Protein chains: 2
Amino acid sequence: MKAFPEMVTAVRDCDLLSFLAECRELVDAELDRRIPAETIEPTRVHSAIRWSMFAGGKGLRPALLLATGQTFEAPVSLLLSSACALEMIHTYSLIHDDLPSMDDDDLRRGRSTCHVRFGEATAILAGDALQSLAFQTIAEDGQISNETRVHLITELARASGTPLGMVAGQARDLEAESREISGDDLEKIHRMKTGALIVAAARCGAIVAGVSRQELEVVSDYAGHLGLLFQITDDLLDVTASAEDLGKTPGKDAQSKKATYPALYGIDAARQRAAQVHQEACAMLEEIDRPTTLLRAMSDFIFQRSA
Amino acid sequence: MKAFPEMVTAVRDCDLLSFLAECRELVDAELDRRIPAETIEPTRVHSAIRWSMFAGGKGLRPALLLATGQTFEAPVSLLLSSACALEMIHTYSLIHDDLPSMDDDDLRRGRSTCHVRFGEATAILAGDALQSLAFQTIAEDGQISNETRVHLITELARASGTPLGMVAGQARDLEAESREISGDDLEKIHRMKTGALIVAAARCGAIVAGVSRQELEVVSDYAGHLGLLFQITDDLLDVTASAEDLGKTPGKDAQSKKATYPALYGIDAARQRAAQVHQEACAMLEEIDRPTTLLRAMSDFIFQRSA
């Protein structure tokens, strides 16, 4: 049995930045154990995976998984495999989305994107291998019951693929570049592209904790709002932040005529929408019969990053 | 309960071409149920998936899974989800391998490759979605115990990714284009690139049937030889067959200076090696205390296609 803490320390005093840092450390250490070393063949693919995986991202998705799991009293040791799997899926999607034929991005988290550094073929393979490894990581976690593992894998696979997951969102987003879309369309795209994996994060944490069906519904609604909030603030940051703050090329959205909240509604209205979604997310937490300070702080954090 | 036959008819009289056709029909019908229709958004991705999935491939991998499962008396109905998952992984790998930055192929199974027909971005997304759907398909099969589903997903994920699966093989194959490699290196690449998924096919069939650990070992050894045989005959066909017979551009290997058996040993020696591997595969079947006519016929079939 590994010596994981039963609970992430910062949960108790709800210092969100400490909580995020602690989660990142725990998850990174576990990812480091699960991902083949750079010295193992094929070294180029493993180097590419590690380049993109350990690039100093905030780790919001695994943190949300841990926060939700801990809210329902699941021990950290049982949450780490799905937290890693989620981060693997997220990172594979970034690697593939940055490719020249997709969003064509050279800069991500303050450094060269995977294909710029390692070439397109290796970047495609690194993403493909990460997706396999994500499902393998959950399947191989012998601390969790087979039933729960199957449940987690189903959640993650649905959230990743089509017709309602992340890949569907990315496909619709690319299609939307060539035409005018409505606010409803935009929200639908985001619900899949970013939202599906954020909802999966919260749900997986709750599933490991063994929550009731009703609690799982509330968690999903809360996380759905969190995902939307994340995308609105992401769009706002693309307009208002510098490359240095952002760690990626700003203004890309406008340049590629991407549908965004600021483009569709203007900056002020987008900010108001963010405030509304944040408030709704917090209101939902009142239905959970436990201390939800940490989940509220997650919503505060995402809301404030674009303020 | 669906009305699947308990056993594929051709198993009884061991007519391999009928068996392959029957498997293809069963698996295609199940794939058609599992893959979102072309009319479901994102339509372009679903069209691309179906374009590559229903392209008239022989379906050797799912057939091997069914043949192995049936050898150990597993009912067809329990074998179909992993057979579909395997074909999804195989097809996603073909879509990605054909991309311009990888093998750059325009023709596959007698028609345009996925990216030529639907564009690179859609081809990448179609492959990504197929991989998620493969794991989802097994995870959602309520007819199989949770324990077996976890086992099957672990097998498939390991066989697909790195450091020893299909993606590792493709990565090493691309690296090998730029340098001289030995016969041992070549065999190692093939064992991963083609072999891993063929071994997984046989193992998954045996796992669903609930075989002993010892039987699983024999099945793995047999399928390992089958995978190698498949690659040698594939290399031979690339040299000797016409585009019409092949359904893809012949001579691509030599053109791209790919390491192949004929290139390394010459055509005659490659044919001799194929005969030897075929014989070894059949010898292994004698260790199985059941009628193995069908598994022997699979090896005959693969051997003879390049004769």
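Residues numbered from 1 in each chain as written. Chains lettered and ligands numbered in written order. Predicted model: local features only at pLDDT ≥ 70, side-chain atom pairs only at ≥ 80, totals over all residues.

A. Representation of the overall build of chain A within the structure. Counting its regular elements, chain A contains 16 helices and two strands. Of all 307 residues assigned to chain A, the portion counted as buried reaches 54%. Restricting to contacts in chain A with at least 6 residues of sequence separation, those with at least 24 account for 72%. (Helix = DSSP H or I, 4+ residues; strand = E, 2+ residues; numbered from the N terminus. Buried ≥ 20, exposed ≤ 12 C-beta atoms within 10 Å, placed from the backbone. Contact = placed C-beta atoms within 7 Å.)

B. Summary view of the environment of Val 27 of chain A. All names here are of chain A. With respect to the secondary-structure elements, Val 27 resides in helix α2 (residues 16-34). Its 22 C-beta neighbours within 10 Å are what place Val 27 among the buried residues. Sequence separation of Val 27 and Asp 289 is 262 residues, and the distance between their C-alpha atoms is 28 Å. Sequence-distant contacts of Val 27, that is, excluding residues within four places in its chain, are made with Gly 59, Pro 62, Leu 80, Ala 83, Cys 84 and Glu 87.

C. Geometry of the confidence of the model for chain A. Averaged over every residue, the pLDDT of chain A is 91; the share at 70 or more is 90%. Here the predicted complex scores 0.94 on pTM and 0.94 on ipTM. (pLDDT = per-residue confidence, 0-100.)

D. Representation of the interface of chain A and chain B within the structure. Counting residues at the interface gives 44 residues for chain A and 44 residues for chain B. Among the elements that take part in the side of chain A that touches chain B, helix α7 (residues 120-139) of chain A stands out by supplying 12 residues, more than any other. For the side of chain A that touches chain B, the class distribution of residues is 21 nonpolar, 13 polar and 10 charged. (Nonpolar A, V, L, I, M, F, W, Y, C, P; charged D, E, K, R; others polar.)

E. Examining the environment of Leu 186 of chain B more closely. Residues and elements named next belong to chain B. Along the polypeptide, Leu 186 turns up in helix α10 (residues 183-208). Sequence separation between Leu 186 and Tyr 261 is 75 residues, and the spatial gap between their C-alpha atoms is 7.9 Å. Setting aside chain neighbours within four positions, we find Leu 186 in contact with Ile 181, Ala 259 and Leu 264.

F. Main features of the relation of the copies chain A and chain B. Placing chain A over chain B gives an RMSD of 0.0 Å and needs a rotation angle of 180°, together with 0.0 Å of translation along the axis. One copy is carried onto the other by what is essentially a two-fold rotation axis. Relative to the rotation axis, the closest C-alpha in chain A is found at Asn 146 of chain A, a distance of 2.7 Å. (Least-squares fit on C-alpha atoms with pLDDT ≥ 70 in both.)

G. Summary view of helix α15 (residues 267-285) of chain B. All names here are of chain B. Compared with the 27 Å implied by 1.5 Å per residue over 19 residues, the 28 Å span of α15 between its first and last C-alpha is a close match. Within α15, the full set of buried residues consists of Ala 270, Arg 271, Ala 274, Val 277, His 278, Ala 281, Met 284 and Leu 285. Each buried residue of α15 lies within a common arc of 145° when the element is viewed along its axis, so the set occupies one face. Exposed and facing more than 90 degrees away from the buried side of α15 are Asp 268, Ala 269 and Ala 283. Buried-residue contacts for α15 involve α11 (213-240), α14 (261-265) and α16 (293-304). (Expected span 1.5 Å × (residues − 1). Arc of directions from axis to C-beta.)

H. Structural view of unusual backbone geometry. Note that the residue after Glu 41 of chain A, namely Pro 42 of chain A, is joined by a cis bond; omega there is -10°. Relative to the helices and strands, Pro 42 of chain A is located in the loop between α2 and α3 (43-53). For the bond running from Thr 162 of chain B to Pro 163 of chain B, omega is 0°, close enough to zero to count as cis. Of note, Pro 163 of chain B is situated in the loop between α8 (146-160) and α9 (166-176). Unusually for a residue other than glycine, Asp 104 of chain A sits at a positive phi of about 55°. Among the structural elements, Asp 104 of chain A can be located in the loop between α5 (76-97) and β1 (107-108).

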